[in-house]
2 protein chains.
Amino acid sequence: MPKPITSYKSTALAMSNIALIKYWGNSNEALRLPINPSISFNLRDLYTTTTVEFDAALERDEVVIDEAPAQGGAYARVVKHLDLVRGEPNATHPKFARVISHNNFPMGAGIASSASAFAALSVAACAALQLSKSEAELSALARQGSGSASRSVPGGFVAWRDAHAYTIAPPDHWALMDVIGVVSSGHKKTGSTEGHALAPTSPLQAARVADTERRFGLCEQAIRQRDFALLAEVIEQDALMMHGVMMTSQPPLMYWLPASMAIMHAVQELRASGVAVAFTIDAGPNIHCICESAVAPQVEAMLNAIQGVKQVLSSQIGGPAIIVR
Amino acid sequence: MPKPITSYKSTALAMSNIALIKYWGNSNEALRLPINPSISFNLRDLYTTTTVEFDAALERDEVVIDEAPAQGGAYARVVKHLDLVRGEPNATHPKFARVISHNNFPMGAGIASSASAFAALSVAACAALQLSKSEAELSALARQGSGSASRSVPGGFVAWRDAHAYTIAPPDHWALMDVIGVVSSGHKKTGSTEGHALAPTSPLQAARVADTERRFGLCEQAIRQRDFALLAEVIEQDALMMHGVMMTSQPPLMYWLPASMAIMHAVQELRASGVAVAFTIDAGPNIHCICESAVAPQVEAMLNAIQGVKQVLSSQIGGPAIIVR
């Protein structure tokens, strides 16, 4: 017998994730189906906590992100996502929800919050309505809010090919960390949603996509065998291929700053000296230094010595999105 | 009646050139036949003057570059080039030559000297032996020493598709300048000859090559119509495509420095404010700012204000390689 519903309220926690093989471009923009498979790991220490409460007293959805009421496009995107969950207009539960979301990482540090945000929103909204959804269903739902959010639903090392993402290795499979050199706190000029739509305008995108299975396979192998040298080679090439596409799209997306370049060279020099570190770069100027946990202090010191590095954030690998209460 | 040869000595001057559509990769490494067509203009104010004298008193070739005897690979490359000119071992002229070459631009400023050097060497060596060669033959000869040297033989705006380069517009067709932000005086870790050989290892190279005719056509059109907006778009995309290939080759070639990135952003901002300037980048960290002559002072001021810019060099468009005496 189902437990009687006394409140339509739930809180979920989902982590950000860092892609090792990048997703860039959609085969279906509306559904956010990716043009190429990607691999990531969850960032245990960079997460979003979201509470969703459907409340009969509300006359519209209310959305608060990091203590501020969401406006315009951000508000509309959350409402659109709630629409996917709340279903029919004549459902028995209250129609409108109060969404209160909090990121534990600084806003505007260039850490993508849409992945953790839409993963947490999906899990919390479904739990609030006591909808019984599998991890795959939740991942697919999160994907429709933000492509990379699909990867923040399963835990550990995660792959994403089509409708939903799935775990390929648990968090404790390999003690890696992401040590992030934050070089800009400014907002991106071009958001990811618009950026993905520009991908096909680069004459290099088709070649990048055609080569993805090779890189995906090498990255999977590197993770399975805990082969850092192989991982370093493939993730740097993959990130540089994505930025090669970005910089040659029309209009071009030039995300790197001088300090981004300084970090890339410093990472490659540090690795040449025997330290297990490699870089990857999302759609922004920050450099994510993927390293073995044992050398994280060295990597942090390297970053702190570079002019233009505003902040260093570190994270271990985390588990799946969870219902907190 | 041919004039009696009293001395086998000649001096030639050839300019450096800056490619607007880049050459990267060969279809035949030994012959330096390019995998894609390119477009450049000659740099009037950055040139090499080379004297070649075949002298019966010599027991081996002597090569002096910028007042220093050439050694090792540099010496061997000049000797190999002389071999292409001096022909049969039983020729009537003296076998060995004294080569004295001088660049008017600073060594190690990252300005490619091989283009002007092999163009000047080709013209001077043929003149010293009173070989009657057409511009096309001299261009093809220069090409075998250094691919881009083929473009320093004809004058003005130059195109190069296969054996030799040819003029597509005279120097005074369009008053453009190259204002170079020199950001490193260090020698390149990977020279161009090795770099060209790495081009096929990038998963993006084939797509870059396949798209070259489109860019070549747009660049030719921009030059013909003196359309700076079109020129800016196509040359920046072309240079970024080449660097996308370089950075994703195996091993990767990461030529840019922090100041390179700073200049790229500054150029794009300056252009957005209405100044006719665009960047291109050779196989190195220096940024070539292609601009209308009228705005060159503004571009120089912009470069001088950027941290990490060690020197600013400027050049107008120049004519063909010439015999000086």
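Parameters and conventions
- Residues numbered from 1 in each chain as written.
- Chains lettered and ligands numbered in written order.
- Predicted model: local features only at pLDDT ≥ 70, side-chain atom pairs only at ≥ 80, totals over all residues.
- Heavy atoms only, no water.
- Helix = DSSP H or I, 4+ residues; strand = E, 2+ residues; numbered from the N terminus.
- Rg over C-alpha atoms; globule rule 2.2 N^0.38 Å.
- Contact = heavy atoms within 4.5 Å.
- Areas by Shrake-Rupley, 256 points an atom, 1.4 Å probe, with all protein chains shown as cover.
- Lys, Arg positive; Asp, Glu negative; His and termini not counted.
- Charge placed at Lys NZ, Arg CZ, Asp CG, Glu CD.
- Buried area = accessible area lost by both parts, 1.4 Å probe.
- Salt bridge = Lys/Arg side-chain N within 4 Å of Asp/Glu carboxyl O.
- Polar contact = N/O pair within 3.5 Å; in protein donor to acceptor, adjacent residues only side chain to side chain.
- Nonpolar A, V, L, I, M, F, W, Y, C, P; charged D, E, K, R; others polar.
- Expected span 1.5 Å × (residues − 1).
- Buried < 20%, exposed > 50% of the residue type's maximum accessible area, 1.4 Å probe, protein only.
- Pairing = 2+ DSSP bridges.
- Axes fitted to C-alpha atoms, helices over the stretch in contact; angles between N-to-C directions.
- Domains from an automatic or database assignment.
- Least-squares fit on C-alpha atoms with pLDDT ≥ 70 in both.
- Phe/Tyr/Trp six-rings, centres within 6.5 Å; stacked < 30°, edge-to-face > 60°.
- Lys NZ or Arg CZ within 6 Å of the ring centre and 35° of its normal.
- Core = buried A, V, L, I, M, F, W, Y, C linked by side-chain atoms within 4.5 Å.

Engineer: Got a sec to walk through the overall build of chain A? Specific residues and values, please.
Structural biologist: A tally of regular secondary structure across chain A gives nine helices and 14 strands. Relative to the globule expectation of 20 Å for 325 residues, the C-alpha radius of gyration of chain A, 20 Å, shows essentially globular dimensions. Residue pairs in contact within chain A that sit at least 24 positions apart in sequence constitute 75% of those at least 6 positions apart. Surface summary for chain A: the accessible area is close to 12,800 Å², and the carbon and sulfur share equals 55%. Here chain A contributes 25 positive and 28 negative side-chain charges, whose respective centroids are spaced 3 Å apart.

Engineer: Break down the interface of chain B and chain A for me, with residues and values.
Structural biologist: With 26 residues of chain B in contact, the opposing surface of chain A contributes 26 residues. In total, chain B and chain A occlude about 2,400 Å² of area from one another, counting both sides; carbon and sulfur atoms represent 70% of this. At the boundary of chain B and chain A, one finds zero salt bridges. Viewed at the interface, chain A and chain B are joined by six residue pairs in polar contact (both at pLDDT 80 or more). Only α5 (205-210), α7 (228-247) and α8 (258-272) of chain B provide two or more residues apiece to the side of chain B that touches chain A. Residues belonging to the side of chain B that touches chain A are distributed by class as follows: 15 nonpolar, seven polar and four charged.

Engineer: Mind laying out helix α2 (residues 114-128) of chain B, listing which residues take part and the relevant values?
Structural biologist: Residues and elements named next belong to chain B. Relative to the 21 Å expected for 15 residues at 1.5 Å per residue, α2 spans 20 Å between its end C-alpha atoms, a close match to the ideal helical length. For α2, the tally of buried residues reaches twelve of 15 residues, placing the bulk of the element in the interior. Turning to α2, its buried residues are Ala115, Ser116, Phe118, Ala119, Ala120, Leu121, Ser122, Val123, Ala124, Ala125, Cys126 and Ala128.

Engineer: Residue-level account of the sheet that holds strand β13 (residues 311-316) of chain A, with values.
Structural biologist: Residue and element names in this part refer to chain A. With antiparallel pairing, four strands are arranged side by side in an open sheet as β11-β12-β10-β13. Strands at the two margins of the open sheet, each flanked by one partner only, are β11 (277-280) and β13. For this sheet, the mean angle separating the axes of adjacent strands, direction not counted, is 25°. Along the sheet face, helix α8 (residues 258-272) touches β10 (176-182), β11 and β12 (287-292) and points at about 155° away from the line of β11.

Engineer: Please give an account of the domain arrangement of chain A that cites residues and values.
Structural biologist: Residue and element names in this part refer to chain A. One can read the domain layout of chain A as domain 1 (7-170) and domain 2 (172-316). Of note, the centres of domain 1 and domain 2, computed from C-alpha atoms alone, are 24 Å apart. If you look at the interface, domain 1 gives 35 residues, while domain 2 gives 49 residues. Here domain 1 packs against domain 2, burying approximately 3,300 Å² in sum over the two surfaces, 66% of which is carbon and sulfur. Considering only the surface of domain 1 that becomes buried against domain 2, Leu20, Lys22 and Trp24 emerge as the three largest contributors, covering 25% of it. If you look at where domain 1 meets domain 2, you find two salt bridges. For the interface between domain 1 and domain 2, the tally reads 15 residue pairs in polar contact (both at pLDDT 80 or more). Residue composition of the side of domain 1 that touches domain 2, by class: 21 nonpolar, seven polar and seven charged.

Engineer: Tell me about the relation of the copies chain B and chain A, and please be specific about residues and values.
Structural biologist: In this arrangement, two copies of a chain are superimposed by a rotation about an axis accompanied by a shift along the axis. Mapping chain B onto chain A calls for a rotation angle of 180° and an axial translation of 0.0 Å; the resulting RMSD is 0.0 Å. Taken together, the turn and the small shift mark the pair as related by a two-fold rotation axis. For chain B, the smallest separation between a C-alpha atom and the rotation axis is recorded for Pro258 of chain B, amounting to 1.9 Å. The residues that chain B uses at the interface reappear at the interface of chain A in 100% of cases, marking a shared surface.

Engineer: Describe the environment of Ala125 of chain A, with residues and values.
Structural biologist: Residue and element names in this part refer to chain A. Positionally, Ala125 belongs in helix α2 (residues 114-128). A residue is classified by how much of its surface remains accessible, and Ala125, at 1% relative accessible area, is buried. Separated by 113 residues in the primary sequence, Ala125 and Ala12 have C-alpha atoms spaced 8.6 Å apart. Contact partners of Ala125, with chain neighbours within four places excluded, come to Val52, Phe54, Leu82 and Val85.

Engineer: So what about the pairing of strand β1 (residues 8-21) of chain B? Which residues, and what values?
Structural biologist: Residues and elements named next belong to chain B. Of all 14 residues that make up β1, 13 are buried, and the element is covered over most of its length. Two strands pair when backbone bridges link them, and β1 and strand β4 (residues 38-54) are joined in this way by 13 bridges, in the antiparallel orientation. Within the sheet, the bridge partner assigned to Leu13 lies in β4 and is Thr49. With two bridges connecting them, β1 and strand β14 (residues 322-323) associate as antiparallel partners. When the sheet's bridge partners are listed, Leu13 is paired in β14 with Ile322.

Engineer: I'd like a rundown of the packing of aromatic side chains, residues and numbers included.
Structural biologist: By the definition in use, this model includes seven aromatic pairs over all chains. Measuring from ring centre to ring centre gives 6.2 Å for Trp174 of chain A and Phe228 of chain A, while their planes differ by 80°; the resulting arrangement is edge-to-face. Of this pair, Trp174 of chain A sits in the loop between β9 (165-169) and β10 while Phe228 of chain A is found in helix α7 (residues 228-247), placing the two residues 54 residues apart along the sequence. Since its relative accessible area comes to 6%, Trp174 of chain A is described here as buried. Accessibility expressed as a relative area gives 9% for Phe228 of chain A, which makes it buried. A ring pair is formed by Tyr23 of chain B and Trp160 of chain B, whose centres lie 4.7 Å apart and whose planes are at 70°; its orientation type is edge-to-face. In this pair, Tyr23 of chain B sits in the loop between β1 and β2 (26-28) while Trp160 of chain B sits in strand β8 (residues 157-160), placing the two residues 137 residues apart along the sequence. Over the face of the ring belonging to Phe216 of chain A we find Arg161 of chain A, whose NZ or CZ atom lies 4.4 Å from the ring centre.

Engineer: So, the environment of Ser101 of chain A: which residues are in play, and what are the values?
Structural biologist: Residue and element names in this part refer to chain A. Tracing the sequence through the fold places Ser101 in strand β7 (residues 97-103). Owing to a relative accessible area of 8%, Ser101 belongs among the buried residues under this scheme. When residues no more than four places from it in sequence are discounted, the contact partners of Ser101 are Thr48, Thr49, Thr50, Val64, Ile65 and Asp66. In this structure the side chain of Ser101 is engaged in a polar contact, spanning 2.9 Å, whose partner is the side chain of Thr50.

Engineer: So, the nonpolar core: which residues are in play, and what are the values?
Structural biologist: Formed by 80 residues in total, the largest nonpolar core has its most connected members in Trp256, Cys289 and Val299 of chain A together with Trp256, Cys289 and Val299 of chain B. What Trp256 of chain B contacts, discounting residues up to four positions off in sequence, is Met247, Trp256, Met261 and His265 of chain A together with Leu240, His243, Met247, Met261, Met264, Ile281 and Gly284 of chain B.

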